[in-house]
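Spelled out from the first residue to the last, the chains are:
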Amino acid sequence: MSKSALITGITGQDGSYLTELLLEKGYTVYGLVQRSANYQFENIEHLLKDIHVITGDLADFSSLARAVKKAAPDEVYNLAAQSFVQASWDIPELTGDITGVGVCRMLEAMRLEAPDARFYQASSSEMFGKVLDTPQKETTPFYPRSPYGVSKVYGHFATVNYRESFNMYACSGILFNHESPRRGREFVTRKIAIGVARIKAGLEKEIRMGNVDAKRDWGFAGDYVRAMYLMLQQDTPEDFVVGTGETHSVSEFLELAFSHVGLNWKDYVVQDEAFMRPAEVDLLLSDPSKAQEKLGWKPEVSFPELVSMMVESELKALNGK
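Analysis parameters
- Residues numbered from 1 in each chain as written.
- Predicted model: local features only at pLDDT ≥ 70, side-chain atom pairs only at ≥ 80, totals over all residues.
- Heavy atoms only, no water.
- UniProt positions renumbered as here; feature names shortened; annotations may be inferred.
- Domains from an automatic or database assignment.
- Helix = DSSP H or I, 4+ residues; strand = E, 2+ residues; numbered from the N terminus.
- Pairing = 2+ DSSP bridges.
- Axes fitted to C-alpha atoms, helices over the stretch in contact; angles between N-to-C directions.
- Buried < 20%, exposed > 50% of the residue type's maximum accessible area, 1.4 Å probe, protein only.
- Phe/Tyr/Trp six-rings, centres within 6.5 Å; stacked < 30°, edge-to-face > 60°.
- Lys NZ or Arg CZ within 6 Å of the ring centre and 35° of its normal.
- Polar contact = N/O pair within 3.5 Å; in protein donor to acceptor, adjacent residues only side chain to side chain.
- Contact = heavy atoms within 4.5 Å.
- Parallel < 35°, antiparallel > 145°, perpendicular 65-115°, else oblique.
- Left-handed = near helix turned anticlockwise from the far one by under 90°.

As annotated in an unreviewed UniProt entry, the protein chain is GDP-mannose 4,6-dehydratase. In its Catalytic activity (unreviewed entry) section, the UniProt record describing the protein chain reads: "GDP-alpha-D-mannose = GDP-4-dehydro-alpha-D-rhamnose + H2O". Quoted straight from UniProt, the Function (unreviewed entry) entry for the protein chain says "Catalyzes the conversion of GDP-D-mannose to GDP-4-dehydro-6-deoxy-D-mannose."

What follows is the structure in structure tokens.
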């Protein structure tokens, strides 16, 4: 009998790659989709015939309980969130409700309707914020620097609490930045890829950026969903840091992206205060050794390959139009 999985945030970047992985493994996949006037199914349009869509919202406990009861899942992957860090200063209360308390609602729905199901929480490297140790590992203290980071810390410890209080199989993946051509357009990597393609095509003349000196540990989302899956296949639930163990600045991303189309990034990038964070996270760098040793996981796509992949995808999209 095949396993079933319930994925919140299934329409997002991670949700779409995870769905592809689970379908390949023979899972029955249910996806929780927020009801809105305009469904955003771009990332999973090619998968709709193979999955079951359930309407629900992390802000609405009753919808989560109904979704869990309907899916009767073996595994639940909680990927949904208000996930844009910059926006979290503008909507801090909403971010806290969805990204933080929403985790508790889902765990409670599982405790009541599917206590034996295994739970994955999408924690974030933004929880480390103003880092106290470099590189960051599972035991590094959290020091979040945004309402988003604070909310993720709440969700992370809610997961720990349900694991320890109710003996639930609940674990968190502390994922460092992971990107792909399916990344939301508001995120800096996708913004750069789109901007480079449009500049190359003569449709734009510049990209306005915030802090180009910020350093991140960037990997490919398709690699990272494998780690999520592996976490729920272990004998006991544990939390894992997932990253490449390499750090690159935003300016390095810009340099690679523009060089892919034969241009110099310094001729087209304008720094703009409007895109600066009120409290910056200057450096994030993972120590993924635990995931490598216990899960047998390692990334397959390199940083230059990731940048090229994203730019090439935008160039093809423009040519297609």
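And the narrative resumes.
(A) Expanded view of the domain arrangement of the protein chain. Here the domain parsing of the protein chain yields domain 1 (4–178 + 221–242) and domain 2 (184–216 + 247–284 + 302–320). Distance from the C-alpha centre of domain 1 to the C-alpha centre of domain 2: 27 Å.

(B) Broad picture of unusual backbone geometry. For the peptide bond that leads from Thr-134 to Pro-135, omega is 0 degrees, which places it in the cis range. Here Ala-72, not a glycine, exhibits a phi torsion of approximately 40 degrees, which is positive. If you check the backbone angles, Asn-167 has positive phi at about 55 degrees while not being a glycine. Note that Asn-167 resides in the loop between helix 5 (147–166) and strand 6 (170–175).

(C) Inspection of the sheet that holds strand 11 (residues 240–242) at higher detail. Read across the open sheet, the 7 strands follow the order 3-2-1-4-5-6-11; overall the sheet is parallel. Both outer strands of the open sheet, strand 3 (52–55) and strand 11, are each paired with one neighbouring strand and no more. Recorded for the sheet is a direction-independent mean angle of 20 degrees between the axes of neighbouring strands. With 4 bridges connecting them, strand 4 (residues 75–78) and strand 5 (residues 118–124) associate as parallel partners.

(D) The environment of Gly-222, seen in detail. Residue position: Gly-222 is located in helix 7 (residues 221–231). Relative accessible area serves as the criterion here: at 16%, Gly-222 is assigned to the buried category. Each C-alpha atom of the pair Gly-222 and Gln-13 lies 8.9 Å from the other, and the pair is 209 residues apart in sequence.

(E) Representation of the packing of aromatic side chains in the model. Enumeration according to the criterion identifies 12 aromatic pairs in this entry. With a centroid separation of 5.2 Å and 50 degrees between ring planes, the pair formed by Tyr-162 and Phe-166 is classed as tilted. Taken as a pair, Tyr-162 and Phe-166 lie in helix 5 at a separation of 4 residues, close to a single helical turn. Note on Tyr-162: relative accessible area 8%, which makes it buried. Considering the side-chain rings of Trp-218 and Phe-303, the 5.9 Å spacing of their centres and the 10 degrees angle between planes classify their relative orientation as stacked. Placement of the pair is Trp-218 in the loop between strand 9 (215–216) and strand 10 (219–220) and Phe-303 in helix 10 (residues 303–320), with a sequence separation of 85 residues. Accessibility classification places Trp-218 together with Phe-303 in one group, the buried group. Of note, Lys-290 hangs over the ring of Phe-240, and the distance from its end group to the ring centre comes to 4.7 Å.

(F) Local environment of the side chain of Asp-239. Within the secondary structure, Asp-239 is located in the loop between helix 7 and strand 11. The class of Asp-239 is buried, set by a relative accessible area of 13%. A distance of 2.8 Å separates the side chain of Asp-239 from the backbone nitrogen of Ser-172, its partner in a polar contact. When neighbours within four sequence positions are excluded, Asp-239 is seen to be in contact with Glu-138, His-156, Val-160, Arg-163, Cys-171, Ser-172 and Lys-290.

(G) Main features of the packing of helix 4 (residues 92–113) against helix 5. Remark: helix 4 packs on helix 5, axes separated minimally by 8 Å, with the N-to-C direction vectors making an angle of 15 degrees. As far as their axial angle goes, helix 5 and helix 4 are roughly parallel. Judged by the sense of rotation from one axis to the other, the crossing of helix 4 with helix 5 is right-handed. Side by side, helix 4 and helix 5 meet where Pro-92, Thr-95, Gly-96, Thr-99, Gly-100, Val-101, Val-103, Cys-104, Leu-107, Glu-108 and Arg-111 of the first sit next to Pro-147, Tyr-148, Ser-151, Lys-152, Tyr-154, Gly-155, Ala-158, Thr-159, Tyr-162 and Phe-166 of the second.

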